[in-house]
Amino acid sequence: MSIFGALFVVGVAGYGLNLINRSSYVTQANVAIEQPVPFSHRHHAGELGIDCRYCHTSVEIGANAGVPPTQTCMNCHRQIWLDSPTLEPVRASYRTDVSIPWVKVHDLPDFVYFNHSIHVAKGVGCETCHGRVDHMNLTWQQNSLQMEWCFDCHRNPERYVRPKSEVFTMGWQPAGDQLEIGRELVKANDVHPKTDCDTCHR
Amino acid sequence: MSDPTNPTTPTPALDLEQVRTELASARGRHYWRSLDELANRPGFDALMAREFPRQAPGLLDAVDRRQFMQLMGASLALAGLSACTRQPAETIMPYVKAPEDIIPGRPLYFATAMPIGGIGTGLLVESHMGRPTKIEGNPDHPSSLGATDAFAQASVLGLYDPDRSQVISSAGEIRPWSAFTAALDQALAAQTASGGAGLRILTDNITSPTLAGQIAALLTKYPNSHWHQWDPIARDSARLGARMALGVDADVRYRFVDADVVVALDADFLGSGPAQVRNLRDFSVRRKPGGSMNRLYAVESSPTVTGARADHRMAVKASAVEFFAWALAGQLGVAPQKPKNVPPEYAKWIAALAKDLMAHRGRSIVVPGDHQSPGVHALAHALNIALGNVGKTVICTEPVAAQPVYSMASLKELVAAMAAGQVDVLLMLGTNPVATAPADLDFAARLEKVGFRAHLGLYDDETAQLCHWHIPEAHYLESWGDVRSEEGTISIIQPLIAPLYDGKSVLEVMAAANGRPQSGYDLVRAFWGDKRKAAGDFDRWWRTTLHDGLIPDTALAPKAIGVRSNWIDTIIQNHDGKQDDTEGLELVYRLDSGVLDGRFANNGWLQEAPRPITKLTWDNAALISPATARRLKLQNEDVVELTHRGRKLEVPVWIVPGNADDSITLALGYGRKRAGRVGDGVGVDANLIRTSDAAWIAAGVTLAKTPRTYPLATTQEHHSMEGRHLVREATLAEYTHEPAFARELVEEPAKDMTMYPPHPYEGAAWGMTIDLASCVGCNACVIACNAENNIPVVGKEQVAAGREMQWIRIDRYFEGEETNPTIVHQPVPCMQCENAPCEVVCPVNATVHSSEGLNDMVYNRCVGTKYCSNNCPYKVRRFNFFKYQDWTTESLKLARNPDVTVRSYGVMEKCTYCVQRISQARIVSRREDRDVRDGEVVTACAQACPAGSIVFGDLNDPESRVAKTKADARNYSLLGDLNTRPRTTYLASVRNPNPELES
């Protein structure tokens, strides 16, 4: 094989591996995950209009947004859909005091330490990273969550920030040009995301 | 190459030493020529083959180098592809009913106290989702003021120790608690008739009011029974000394804050003892050269951290310390006359010391060593009274123990009763006498005579093995109780986690013995409810007390004392003469700074923390002076046989400059047989040779060499600073004359002498100073860092290979003559250099500089080149040569701090300035739209340090403590001439020698 041929093979191999690495096979983006109970965000957050924070209670004060305890489900479901067979795993969990084993949709690697509260406090909307959750029957990961994707915002926050009052709104559109509004918000809310390695990797 | 003329003659053997001596004097061309000649000499090839074997064992595989490279190349290529897989799916297990206060990821802090030998230290414990992970001192508690010692820091590992006993067992079978209570009731019922004549209880030293009440109730029910206490910490001399001098029982507290002159008579008050944390804190306040600096004189047989800190130190045999005390008392006129034959070097010292003490009457302290003779304690009392210190710097109080006893006598009484067959029922609660009692008591054999033996302990230990019943003890982090600290303040011990293994506390077993089993919670609440009945609003008081971690105003009140009329005669009468043999070898037993009396033998952090003076890990050794070693022709690691009253013990030797001649120091707590997987067989059991009447100092010891050696793992073999100015020290006079003496010693390069563009530190700029004037090398910071950062324990062999993983190490240097050197300590964490040599050589950019000045270590990028460690001049980077972490043991998973990565093999790690704490503080402050406040971020080492030596904070904040310490004239950087610009700098040490004494 000539040098040219060798370079061509290596180049194609590299390009192929890169494609694989960014594919949804690896990142699990856009793959709806099967859960022990087919919880529908579209119904609860979309149709019923329940605020994200009703269930994901620690998103403003902690690193993890939190998955609600069975108690939260039972708050309503001890009164409605009492006998639904779909909800039997929830009732069983409540009865037997065994957690519901949800499958993690947004699974960052263990060497990444992500903190929700600072993002929410600085005007990053839920839907910016998680997509239109209120349209998802089964939840999927909207974005790749790869470091390159995080850096897109960390280096240019004006592209993605929104007013603090709109963080939990689904379907928010900027009133004018996102970049203009973004720059204003960056100044007003003192948004300067860190790009040091120790921000996430410790 | 054999002799070509005669192939059969054996080639003459060459000696490597011979070769070296030959080459040593050759230079230049002559050197190379000699090498050539050497190569042609017969026997050279044979020498080379011997010294550099071509086929070293281990490489004698069938695989040769070329095949090896091919295989590795292939697997490297394949390894790359493994990164192309995706993460396995993970589950989230939420609560079913979430507890109220817990936010996952946010720790809660609870106040409790840790009892050791019955004395408590006030603590705040960090709890992640219901599991305690880190211990801190309680800032409001007088015993700690926010700091902790190494034992408290390491205790959290003890909670999760997989070797803890987990089940109630009897005769090898697992039994339920109800079976034990039934058997106990039966055994006690048989005692009712005789009023409990055959009933004995053996506990540790007890200060707990609730437990004292329980025991009193039992003793009332069985009036002929006895309660014995076996206290690991030597307090008998103190008790007898107080009786002899004062005629009453008294415990002594010291106010080092108010003392200008302190004399330590073989007393390691800065390094050990229940009051160590508070003493070190108070003492260090007076160690700042700016204010009025105190002066410490120490007389000791073996170097301790107190002696290392002293301005004047004298090495004196332990058995001669009483003589020294008499000489001092004579000089001060406290004793009617001075003893005869005071050696001239003592005399000069004592004269100067006495003068200094007289010049600071009422502002001085004479501290007697715990394990010294009662005479020394009595003399110390007399001296303190004569100097007017009592009531000012020396406070005498009622004993803090619930029932003060002479511990050794108490144990001996029990043994005698057992031997006479008088004991039918014996309850041993939270104590391990079979392992910790001296050999002459023969506790194990006597124990066999007891009809019903029950043991409560954390481990299925040596004592448990010989008992009918063993009940697992609940760790203090799992149990309810109460305890007094050294000065008397009562804290309620509250658990941070339900007992992992259904353990029972001493309180609960006593309640069962009293016939009314209750939970510890009910017992403590009932006791205090009763006590506080009059005051009303008990619930509010209870919640406040649990929140605060102490009951205010419960410290013991000072007691007025005075010497009794014939105190001198009492001392002379009580002097048993056994220690008078100051000729010949003496053997001094000390509690170990790692395992104490052996109770922490299974704690890997403590075993691996290098002992402050010797830097030994994982073993004890017979410590001797260099002169004694030369006289007896001993080297480090030689095994010797010690004989005392017919009992023999083989122990390796370690030479310690500054040890008194003809004095051997041996640490207790080693040679355990049933400590657990970590502690078994580590070191040598000093109790095999120890006798009860010479429990701390034994004269008449003989030493015989054996042909064996025993490897000892030390983290620092090299003692010398080699003329480099690593630890910079000056006398107070020199400091006053030139405050910036530390910086004058070494010239540092100009700020702009670098090719790299400067980092603009616009936000925070983290920095740290370590004050060498107050650091004593106690290891609290080392263990605190271990606990905070999930640092693995590597074991003795790896420590011997230099692979210990502690992110902060304490270097110890000897300076001066070997008979009495100056000893200095220097904690060395990562310097977080602004011009880091490690950052520029990482081929994969795994270590980079952050915008706040930290040298970040990114474990997921590191491939293990180790170039960074190679380039680090401070050698603070630790490499995971193997998978040192335990990834499988379930209970240890609970112990880990979830905010810090658990590192696998092949990655480099180092101190991160507790970046997880910085991150948390930054996020909270940015959420609240403010800057990080000074004191909001405290690194684990700074928080633990009892001396307050370590100060951490934001250099960009002009009001921060660290900005002020950096501006101190004593501030200097370690190896600053290398232009690394470290963010961690040191405040040079200052000593305050007496101008009348030369050194």
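All of the points below concern the structure found in this document. Being a predicted model, the structure only gives us computed values, none of them experimental.

### Thoughts on the overall build of chain A
Phase 1 of the analysis: Looking only at helices and strands, one finds ten helices and one strand in chain A.
Phase 2 of the analysis: Ordered by position from the N terminus, the helices and strands of chain A form the series α-α-α-α-α-α-β-α-α-α-α.
Phase 3 of the analysis: Along the three orthogonal principal directions, the C-alpha set of chain A runs to about 70 × 50 × 35 Å.
Phase 4 of the analysis: Looking at chain A as a whole, 37% of its 202 residues are labelled buried.
Phase 5 of the analysis: Pairs at least 24 apart in sequence give 66% of the contacts found in chain A among residues at least 6 apart.
Phase 6 of the analysis: Per element, the accessible surface of chain A, about 11400 Å² overall, is 61% carbon and sulfur.
Phase 7 of the analysis: Looking at charge distribution, chain A has the averaged site of its 17 positive side-chain charges lying 2 Å from that of its 21 negative ones.

### Looking at the overall build of chain B
Phase 1 of the analysis: The helix and strand inventory of chain B stands at 32 helices and 39 strands.
Phase 2 of the analysis: Projected onto the principal axes, the alpha-carbon positions of chain B cover approximately 95 × 80 × 70 Å.
Phase 3 of the analysis: Residues classed as buried in chain B amount to 58% of the 999 residues present.
Phase 4 of the analysis: In chain B, once contacts between residues fewer than 6 apart in sequence are set aside, the share between residues at least 24 apart is 74%.
Phase 5 of the analysis: Positive and negative side-chain charges in chain B, numbering 103 and 116 respectively, have mean positions lying 1 Å apart.

### Considering the pattern of salt bridges
All names here are of chain B.
Phase 1 of the analysis: The tally for this structure, following the rule as stated, stands at 56 salt bridges over all chains.
Phase 2 of the analysis: Here Glu 890 ties to Lys 893 by a salt bridge, and the two come within 3.0 Å at their closest N and O atoms. Of this pair, Glu 890 and Lys 893 both sit in helix α29 (residues 890–895), three residues apart, which is roughly one turn of the helix.
Phase 3 of the analysis: Residue classification places Glu 890 among the exposed positions, given a relative accessible area of 55%.
Phase 4 of the analysis: Residue classification places Lys 893 among the partly exposed residues on the basis of a relative accessible area of 37%.
Phase 5 of the analysis: Across the pair Arg 930 and Glu 936 runs a salt bridge whose closest N-O atoms are separated by 2.9 Å.

### Topic: the nonpolar core
When a protein is soluble and globular, its nonpolar side chains tend to lie buried together.
Residues and elements named next belong to chain B.
Phase 1 of the analysis: Trp 766, Tyr 874, Tyr 913, Leu 974 and Tyr 986 are the most contacted members of the largest nonpolar core, which has 71 residues in total.
Phase 2 of the analysis: Taken domain by domain, this core gets at least three of its residues from each of domain 4 (582–714) and domain 5 (729–746 + 781–995).
Phase 3 of the analysis: Each residue touching Tyr 874, except ones within four places of it in the same chain, is listed here: Arg 809, Met 831, Cys 833, Leu 974, Leu 975, Thr 980 and Pro 982.
Phase 4 of the analysis: Counting residues in each nonpolar core, the second largest holds 45 residues, with Val 415, Leu 587, Tyr 589 and Leu 666 among its members.

### Some thoughts on the sheet that holds strand β37 (residues 971–972) of chain B
All names here are of chain B.
Phase 1 of the analysis: Reading across from one edge, β36-β29-β38-β37 is the order of the four strands in this open sheet, with mixed pairing throughout. Taken across any chain shown, the strands that pair with only one partner, and hence form the sheet edges, are β36 (950–954) and β37.
Phase 2 of the analysis: Of the pairings in the sheet, the one linking β37 to strand β38 (residues 984–987) comprises two bridges and is antiparallel in character. If you follow Asn 971 over to β38, its bridge partner there is Leu 987.

### A look at the packing of aromatic side chains
Each aromatic ring pair is described using two quantities: the centre-to-centre distance and the angle formed by the ring planes.
Residues and elements named next belong to chain B.
Phase 1 of the analysis: Inspection of the entire model under this criterion finds 24 aromatic pairs over all chains.
Phase 2 of the analysis: On the numbers, 5.3 Å between centres and 80° between planes, the contact of Phe 527 with Trp 528 is edge-to-face.
Phase 3 of the analysis: Using a relative accessible area of 21% as the deciding quantity, one classes Phe 527 as partly exposed.
Phase 4 of the analysis: Lying over the aromatic face of Tyr 589, Arg 690 brings its terminal NZ or CZ to 5.7 Å of the ring centre.
Phase 5 of the analysis: A cation sits over an aromatic face here: Arg 983 above Tyr 761, 4.3 Å from the ring centre.

### Focus on the interface of chain B and chain A
Phase 1 of the analysis: On the chain A side, the residues contacting the 43 residues of chain B number 45 residues.
Phase 2 of the analysis: The interface formed by chain B and chain A includes three salt bridges.
Phase 3 of the analysis: For the salt bridge of A:Lys122 with B:Asp929, the shortest nitrogen-to-oxygen distance reads 3.6 Å.
Phase 4 of the analysis: Applying the counting rule to chain B against chain A returns 16 residue pairs in polar contact (both at pLDDT 80 or more).
Phase 5 of the analysis: Elements that contribute at least two residues to the side of chain B that touches chain A include exactly β1 (91–92), β32 (847–849), β33 (855–857) and α30 (915–927) of chain B.
Phase 6 of the analysis: If you tally residues by element for the side of chain B that touches chain A, the top one is α30(B), at seven residues.
Phase 7 of the analysis: Residues of the side of chain B that touches chain A, tallied by class, amount to 21 nonpolar, eleven polar and eleven charged.
Phase 8 of the analysis: Taken together, the two bridges between strand β1 (residues 102–103) of chain A and β1(B) define a ladder with antiparallel strand orientation. When the bridges of β1(B) are listed, A:Val103 appears paired with B:Thr91.

### Quick look at the sheet that holds strand β15 (residues 425–429) of chain B
Residues and elements named next belong to chain B.
Phase 1 of the analysis: The strand order β6-β5-β17-β16-β15-β7-β8 describes an open sheet built from seven strands, whose pairing is mixed. Edge positions in the sheet fall to β6 (173–174) and β8 (226–229), since each has one partner strand and no second.
Phase 2 of the analysis: Direction of pairing for strand β7 (residues 199–203) relative to β8: parallel, over a ladder of four bridges. Paired with Thr 203 across the two strands is Gln 229, which belongs to β8.

### A short note on the packing of helix α11 (residues 321–331) of chain B against helix α13 (residues 374–386) of chain B
Residues and elements named next belong to chain B.
Phase 1 of the analysis: α13 packs onto α11 with a crossing angle of 20° between their chain directions and a minimal axis gap of 9 Å. Judged by the angle between their axes, α11 and α13 are roughly parallel. Pair α11 / α13 crosses with left-handed handedness. Contacts between α11 and α13 involve Val 321, Glu 322, Ala 325, Trp 326, Leu 328 and Ala 329 from the first element and Gly 375, Val 376, Leu 379 and Leu 383 from the second.
Phase 2 of the analysis: Looking at side-chain class alone, the contact of α11 with α13 contains eight nonpolar, one polar and one charged residues.

### Notes on helix α9 (residues 276–285) of chain B
Residues and elements named next belong to chain B.
Phase 1 of the analysis: Judged by how many residues are buried, α9 sits mostly within the fold: seven of ten residues are covered.
Phase 2 of the analysis: Along α9, the residues that are buried comprise Gln 276, Val 277, Asn 279, Leu 280, Asp 282, Phe 283 and Ser 284.
Phase 3 of the analysis: Its buried side turned inward, α9 meets β9 (251–254), β10 (261–265), β11 (295–300) and α10 (305–309).

### Side note on the state of the cysteines
Defined simply, a disulfide is a covalent bond joining two cysteines at their sulfur atoms.
All names here are of chain A.
Phase 1 of the analysis: All chains considered together, the criterion is met by zero disulfides over all chains.
Phase 2 of the analysis: Cys 52 provides the cysteine sulfur closest to Cys 126, a residue in no disulfide bond, and the two sulfurs are 4.0 Å apart.
Phase 3 of the analysis: Residue classification places Cys 126 among the buried positions, given a relative accessible area of 15%.

### Re the side chain of B:Glu852
Residue and element names in this part refer to chain B.
Phase 1 of the analysis: Tracing the chain through its elements places Glu 852 in the loop between β32 and β33.
Phase 2 of the analysis: With relative accessibility at 8%, the residue Glu 852 sits in the buried group.
Phase 3 of the analysis: Within the local environment of Glu 852, its side chain forms a polar contact with the side chain of Trp 766, the two groups lying 2.8 Å apart.

### Some thoughts on empty space enclosed by the protein
All names here are of chain B.
Phase 1 of the analysis: The full count for this structure, using the stated rule, is eleven cavities of 30 Å³ or more.
Phase 2 of the analysis: A volume near 970 Å³ is recorded for the largest cavity.
Phase 3 of the analysis: Looking at the lining of the largest cavity residue by residue, the classes come out as 21 nonpolar, 21 polar and seven charged.
Phase 4 of the analysis: Shared between two domains, the lining of the largest cavity takes at least three residues from each, and those domains are domain 2 (169–233 + 403–475 + 498–519) and domain 4 (582–714).
Phase 5 of the analysis: Estimates place the volume of the second largest cavity at around 110 Å³.
Phase 6 of the analysis: What lines the second largest cavity is a set of 13 residues, among which Cys 785, Asn 789, Cys 911, Cys 914 and Cys 941 lie closest to the centre.
Phase 7 of the analysis: By residue class, the composition of the lining of the second largest cavity is ten nonpolar, three polar and no charged.

Calculation criteria
- Residues numbered from 1 in each chain as written.
- Chains lettered and ligands numbered in written order.
- Predicted model: local features only at pLDDT ≥ 70, side-chain atom pairs only at ≥ 80, totals over all residues.
- Heavy atoms only, no water.
- Helix = DSSP H or I, 4+ residues; strand = E, 2+ residues; numbered from the N terminus.
- Buried < 20%, exposed > 50% of the residue type's maximum accessible area, 1.4 Å probe, protein only.
- Contact = heavy atoms within 4.5 Å.
- Areas by Shrake-Rupley, 256 points an atom, 1.4 Å probe, with all protein chains shown as cover.
- Lys, Arg positive; Asp, Glu negative; His and termini not counted.
- Charge placed at Lys NZ, Arg CZ, Asp CG, Glu CD.
- Salt bridge = Lys/Arg side-chain N within 4 Å of Asp/Glu carboxyl O.
- Core = buried A, V, L, I, M, F, W, Y, C linked by side-chain atoms within 4.5 Å.
- Domains from an automatic or database assignment.
- Pairing = 2+ DSSP bridges.
- Phe/Tyr/Trp six-rings, centres within 6.5 Å; stacked < 30°, edge-to-face > 60°.
- Lys NZ or Arg CZ within 6 Å of the ring centre and 35° of its normal.
- Polar contact = N/O pair within 3.5 Å; in protein donor to acceptor, adjacent residues only side chain to side chain.
- Nonpolar A, V, L, I, M, F, W, Y, C, P; charged D, E, K, R; others polar.
- Axes fitted to C-alpha atoms, helices over the stretch in contact; angles between N-to-C directions.
- Parallel < 35°, antiparallel > 145°, perpendicular 65-115°, else oblique.
- Left-handed = near helix turned anticlockwise from the far one by under 90°.
- Disulfide = S-S within 2.5 Å.
- 1 Å grid on protein atoms, 1.4 Å probe; cavity = no way out; pocket = protein on both sides within 12 Å on 5 of 7 lines; lining within 4 Å.
- Points joined across faces, edges and corners; volume = space filled by probe spheres on them.

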